[in-house]
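A closer look at the structure
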Amino acid sequence: MPASDRLFDVYQLPDRRDMFLTDWDVVLIPEGIKNLLIAYAQTLRRLARVDSSGLALRRAVLLYGPPGCGKTSLARGLPAKWSMVSQTPRVGFIHVNTHALFSGIRGEGQKNVLSTFQQIAELASGGLPIFVLIDEVETLGSDRTSISLEANPLDALYQVTAFLESLDRCARELPNVIFLFTTNIPKVIDRAVRERVDFVLEIPPPSAGYRSLILIDAIRSMARAYDVEELLRLATTSPPQPVWTDLIEESDGLSGRALRHVLVIAATLAANSPALHPIHLREALAQVSQAEEGLRQSSGIYIESYQERATAAAAIAPAAEAVDCQTGVGFGADITFDASTNMGAAMLEEMKSTCTAMKEMCETLREWYRDQHEPTTMVPAPRRRWPHRG
């Protein structure tokens, strides 16, 4: 199997198995969730002998939840972990680079999707068990009912259709392939894509107990650069010290990734100190929590709760309802702003002024277009009379 490709990366285990097992181990969540994920993979492998049409099998697993909670790391580590549990010596892993599938050239995105799945089929033709990770699957399988033909070419629809048809073909012809999908915003995934998933598993934010474990693990990682004995003593005594308990309470709402990054901020605050102290960790937590709260209030699409998020695009969709067919730009509808959305008032005002400026620019472009293309009356120049020579 080739080492890499422009549209995806390919690995054959046991090569680099340790790297992928690290991805699996670093995600600290209840073991029941990990065991369930392994059971899903084992079930789909066992059902490889079954006719897929009889059970509507698509051999796909969807992991959803807030960002930073370990979905991608678990999906990357699953093939290596499953190969160990099932004692399967050789396993293929393909990580699709979804960003590389899109193109500004008409029809190129659809072509890239079909080409990717064709190459996956060629790699799977030998019968080797293969896991295919499509991270942020909403980029390929976005809800077609929300696609605006004014703002998006038909290529967007064709690309989703190509994705669905390719999944169906793989389900029929490649029983040795298992697809792993991840998403932060399941609501924007097309219903047809969701119905082609056999198992759906939520990867939730860490509870207080797991936030403590994540911070302890991150603190131990800092031991090579700082003295962390005081922090470890506070965290590992039974029961934990009140100072540590307060820190865990203050970290409520942070993802595993954000919690680990807290130690980077704390290290910055302790740049002139040989040791990390609770005060550094507390100040770092305050900074990270404040930053995330600011992003949440400004409707940051990957920070807000995925269960309550209202997409920002819905608030400004009326602004681009129509496109002038002559100039290629323009607004055909009045701009309206709904104060009931969860977007901050300041952001709405800024967007309103920006859209107003864009409308004025479009009017200017229309006038310029008319000046350039409307016929003008040609006034003949007076005939020149040459002087008479007598």
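The present account deals with the structure reproduced in this document. (Residues numbered from 1 in each chain as written. Predicted model: local features only at pLDDT ≥ 70, side-chain atom pairs only at ≥ 80, totals over all residues. Heavy atoms only, no water.)

**So, the pattern of salt bridges**
To keep it simple, the criterion reads: One side-chain nitrogen of Lys or Arg within 4 Å of one carboxyl oxygen of Asp or Glu is enough to make a salt bridge. By definition, any uninterrupted DSSP run of H or I lasting at least four residues is a helix, any uninterrupted run of E lasting at least two residues is a strand, and each is numbered from the N terminus. The classification of residues rests on relative accessible area computed with a 1.4 Å probe and restricted to protein chains. Under 20% of the type maximum is buried, over 50% is exposed, and intermediate values are partly exposed.
Inspection of the entire model under this criterion finds eight salt bridges. Of the charged contacts, one joins Arg 76 and Asp 23 as a salt bridge, the two residues approaching to 2.9 Å between their closest N and O atoms. Here Asp 23 lies in helix H1 (residues 17–26) and Arg 76 lies in helix H4 (residues 71–85), a separation of 53 residues in the sequence. An identical accessibility class is assigned to Arg 76 and Asp 23; each is buried. Ionic pairing is found between Arg 169 and Glu 173, a salt bridge with its closest N-O pair at 3.2 Å. Taken together, the positions of Arg 169 and Glu 173, both in helix H6 (residues 154–173) and four residues apart, correspond to about one turn of that helix. Of the residues examined, Arg 169 reaches a relative accessible area of 43% and is grouped as partly exposed. If you follow the salt bridges from partner to partner, you end up with Arg 58, Asp 168 and Arg 196 in one network.

**With respect to unusual backbone geometry**
Of note, the amide linkage connecting Leu 13 to Pro 14 takes the cis form, showing an omega dihedral of 20°. Within the fold, Pro 14 resides in the loop between strand S1 (8–13) and H1. Cis peptide bonds are those with omega within 30 degrees of zero, and the linkage from Ser 238 to Pro 239 qualifies with -5°. By secondary structure assignment, the location of Pro 239 is in the loop between helix H9 (229–236) and helix H10 (242–250). Backbone geometry at Glu 136 places phi at a positive 55°, although glycine is not the residue there. Examined against the element boundaries, Glu 136 turns out to sit in the loop between strand S4 (130–134) and H6.

**Focus: the packing of aromatic side chains**
Pairs of aromatic rings are described using the distance from one ring centre to the other and the angle between the two planes. Selection criterion: For this analysis, a ring pair means two rings from Phe, Tyr or Trp (six-membered ring only for Trp) whose centres lie within 6.5 Å, classed as stacked if their planes differ by under 30 degrees, edge-to-face if by over 60, and tilted for the remaining angles.
Counted by the stated rule, this structure contains nine aromatic pairs. With 5.1 Å between their ring centres and 75° between their planes, Tyr 11 and Phe 20 make a pair best called edge-to-face. The class of Phe 20 is buried, set by a relative accessible area of 0%. Measuring from centroid to centroid gives 5.3 Å for Phe 20 and Phe 93, while their planes differ by 80°, and the two rings are edge-to-face. Separated by 73 residues along the polypeptide, Phe 20 in helix H1 and Phe 93 in strand S3 (residues 91–96) bring together distant segments of the chain. An aromatic cluster is built from Phe 117, Phe 163, Phe 179 and Phe 181, whose rings are joined through pairwise contacts.

**Remarks on the pairing of strand S2 (residues 60–64)**
Our working definition: Strand pairing is assigned whenever DSSP detects at least two bridges linking the two strands.
Along S2, four of the five residues are buried, which leaves the element largely enclosed by surrounding structure. Of the strand pairs in this sheet, S2 and strand S5 (residues 177–183) are connected by five bridges, and their pairing is parallel. The residue of S5 that forms the bridge with Leu 62 is Phe 181. Both S2 and strand S6 (residues 199–202) contribute to a ladder of four bridges, which runs parallel. Bridge assignment links Leu 62 to a residue of S6, and that residue is Val 200.

**Structural notes on the sheet that holds S6**
Test applied: Angles shown run from 0 to 180 degrees and are taken between the N-to-C directions of axes, each axis being a line fitted to C-alpha atoms and, for helices, limited to the stretch in contact. By definition, residues are in contact when any of their heavy atoms lie within 4.5 Å.
The six strands lie next to each other as S1-S3-S4-S5-S2-S6, forming an open sheet whose pairing is mixed. A single partner strand is all that each edge strand has here, and the edge strands are S1 and S6. Neighbour-to-neighbour, the strand axes of this sheet turn through a mean angle of 20°, independent of strand direction. Pairing of S1 with S3, which is carried by six bridges, proceeds in the antiparallel orientation. Looking across to S3, one finds that Asp 9 is bridged to His 95. Packed on one face of the sheet, H4 meets S1, S2, S3, S4 and S5 and runs near 165° to S3.

**Overview of the packing of helix H8 (residues 208–221) against H10**
In plain terms, the rule: Roughly parallel refers to an angle under 35 degrees, roughly antiparallel to one over 145, roughly perpendicular to one between 65 and 115, and oblique to any angle outside these ranges. Residues are grouped as follows: Ala, Val, Leu, Ile, Met, Phe, Trp, Tyr, Cys and Pro are nonpolar; Asp, Glu, Lys and Arg are charged; every other residue, Gly included, is polar.
As a packed pair, H8 and H10 sit with axes 10 Å apart at the nearest point and diverge in direction by 110°. The angle between H8 and H10 falls in the class roughly perpendicular. The segment H8 lies against H10, with Ala 208, Arg 211, Ser 212, Leu 215, Ile 216 and Ile 219 engaging Trp 244, Ile 248 and Glu 249. Its residues assigned to classes, the contact of H8 with H10 comprises six nonpolar, one polar and two charged.

**Re the packing of helix H2 (residues 31–46) against H4**
Put simply, the rule is: The hand of a helix crossing depends on one turn: near helix anticlockwise from the far one by less than a right angle means left-handed, and clockwise means right-handed.
For the pair H2 and H4, the least separation of the axes is 10 Å and the interaxial angle reads 65°. Classified by the interaxial angle, the pair formed by H2 and H4 is roughly perpendicular. In this structure, H2 meets H4 at a crossing whose hand is right-handed. Counting all contacts with H2, which are made through Lys 34, Leu 37, Ile 38, Ala 41, Gln 42 and Arg 45, the residues of H4 involved are Leu 74, Leu 78, Lys 81, Trp 82 and Val 85. Looking at the contact of H2 with H4 residue by residue, the classes come out as seven nonpolar, one polar and three charged.

**What about the environment of Val 228?**
Looking at the element boundaries, Val 228 is found in the loop between H8 and H9. Sequence separation between Val 228 and Leu 276 is 48 residues; the distance between their C-alpha atoms is 5.6 Å. Those residues in contact with Val 228 that lie beyond four places of it in its chain are Ile 219, Met 222, Ala 223 and Leu 276.

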